[in-house]
Amino acid sequence: MVDSLGLSVAALLAARGAEAFGAGAGRGAWEIIGRLAEVVRRRFSGDTQAAGAIRELATNPTSAERMQTVAEFVSHYARLDPEFTATLKNLINEGQNEPLIRQVVTNVSDSASVEKIVNIGEVHGDITF
């Protein structure tokens, strides 16, 4: 089961690898997401499947499937480790003052059923879904 924390962390890790994020991210955003990535890598270090999922997401940050897999691992370890959970939440909260992090993180609560989430920062032209 994937929770909102897992989705948020996976989305931020995917954004870290996306060129569009890097082009507009401020130093604060890069620092926070770098720390977040290090916390996740450290927690996944003894699990070859989880560590592999992070590497695969880094090679293809636009893959919804790879992001989902990382979100599942983050959610799993967050349920097992309250300290890991607290660290992730603190880093995400710290990043809420960074506009690009705010664009990526979307809170989903109250047992919401979400299939796809789209965050749109700025649009020039038409949008079709």
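See above for the structure.
Residues numbered from 1 in each chain as written. Predicted model: local features only at pLDDT ≥ 70, side-chain atom pairs only at ≥ 80, totals over all residues. Heavy atoms only, no water.

Q: What exactly am I supposed to notice about the overall build of the protein chain here?
A: Of the regular secondary structure elements, the protein chain holds 7 helices and 0 strands. The linear arrangement of helices and strands in the protein chain, starting from the amino end, is α-α-α-α-α-α-α. When each of the 129 residues of the protein chain is scored for burial, the buried share is 37%. Long-range contacts, defined as pairs at least 24 residues apart, comprise 63% of the intrachain contacts of the protein chain with a sequence gap of at least 6. Counting only carbon and sulfur atoms, one obtains 47% of the accessible surface of the protein chain, whose full area is about 8,200 Å². (Helix = DSSP H or I, 4+ residues; strand = E, 2+ residues; numbered from the N terminus. Buried < 20%, exposed > 50% of the residue type's maximum accessible area, 1.4 Å probe, protein only. Contact = heavy atoms within 4.5 Å. Areas by Shrake-Rupley, 256 points an atom, 1.4 Å probe, with all protein chains shown as cover.)

Q: Just checking my understanding: could you explain the pattern of salt bridges for this structure?
A: Enumeration according to the criterion identifies 5 salt bridges in this entry. One salt bridge in this structure joins Glu 38 and Arg 41, with 3.5 Å as the shortest N-O distance. Here Glu 38 and its partner Arg 41 are both found in helix 3 (residues 27-44), 3 residues apart, which amounts to about one turn of the helix. Linking Arg 43 and Asp 81 is a salt bridge whose minimum nitrogen-to-oxygen distance equals 3.0 Å. Separated by 38 residues along the polypeptide, Arg 43 in helix 3 and Asp 81 in the loop between helix 5 (64-80) and helix 6 (82-94) bring together distant segments of the chain. Overlapping salt bridges, with partners in common, bring together Glu 31, Arg 35 and Glu 94 in one network. (Salt bridge = Lys/Arg side-chain N within 4 Å of Asp/Glu carboxyl O.)

Q: What is the right way to look at the nonpolar core in this model?
A: A general tendency of soluble globular proteins is for nonpolar side chains to be buried together. Grouped together as the largest cluster of nonpolar side chains are 33 residues, with contacts concentrated most on Val 9, Leu 13 and Leu 88. When contributions to this core are tallied by element, the ones reaching two or more residues are helix 1 (4-17), helix 3, helix 4 (48-59), helix 5, helix 6 and helix 7 (99-104). Each residue touching Val 9, except ones within four places of it in the same chain, is listed here: Leu 36, Val 40, Val 74, Leu 88 and Ile 92. (Core = buried A, V, L, I, M, F, W, Y, C linked by side-chain atoms within 4.5 Å.)

Q: Just to check I follow, could you spell out the packing of aromatic side chains for this structure?
A: The geometry of an aromatic ring pair is captured by two quantities: the separation of the ring centres and the angle between the planes. Under the counting rule described, the total for this entry stands at 2 aromatic pairs. What links up through ring pairs into an aromatic cluster is the set Phe 44, Phe 73 and Tyr 77. (Phe/Tyr/Trp six-rings, centres within 6.5 Å; stacked < 30°, edge-to-face > 60°.)

Q: What am I meant to see in the packing of helix 4 against helix 5 here?
A: Relative placement of two packed helices is described by the angle separating their axes and the distance separating the axes. In the contact formed by helix 4 and helix 5, the axes pass within 9 Å of each other and the chain directions differ by 145°. Note on packing geometry: the crossing formed by helix 4 with helix 5 is left-handed. Counted together, Gln 49, Ala 50, Ala 53, Ile 54, Glu 56, Leu 57 and Thr 59 of helix 4 and Arg 66, Met 67, Thr 69, Val 70, Phe 73 and Tyr 77 of helix 5 form the full contact between these two elements. For the contact of helix 4 with helix 5, the per-class residue count stands at 8 nonpolar, 3 polar and 2 charged. (Axes fitted to C-alpha atoms, helices over the stretch in contact; angles between N-to-C directions. Left-handed = near helix turned anticlockwise from the far one by under 90°. Nonpolar A, V, L, I, M, F, W, Y, C, P; charged D, E, K, R; others polar.)

Q: Hey, could you run me through the environment of Ala 37 in this one?
A: In this fold, Ala 37 is placed in helix 3. Under the relative-accessibility criterion, Ala 37 is labelled buried at 4%. A C-alpha to C-alpha distance of 8.6 Å links Ala 37 and Val 9, two positions 28 residues apart in sequence. Ignoring anything within four residues of it in the chain, the contact list for Ala 37 reads Leu 13 and Arg 16.

Q: Explain the packing of helix 3 against helix 6 here, please?
A: Put simply, helix 3 and helix 6 touch, their axes get as near as 9 Å, and they point 170° apart. Overall, the two elements helix 3 and helix 6 adopt an arrangement that is roughly antiparallel. Like other packed secondary-structure pairs, helix 3 and helix 6 cross with a definite hand, here left-handed. Judged by residue contacts, Ile 32, Arg 35, Leu 36, Val 39, Val 40 and Arg 43 of helix 3 engage Phe 84, Thr 87, Leu 88, Leu 91 and Glu 94 from helix 6. Of the residues that constitute the contact of helix 3 with helix 6, the class distribution is 7 nonpolar, 1 polar and 3 charged. (Parallel < 35°, antiparallel > 145°, perpendicular 65-115°, else oblique.)

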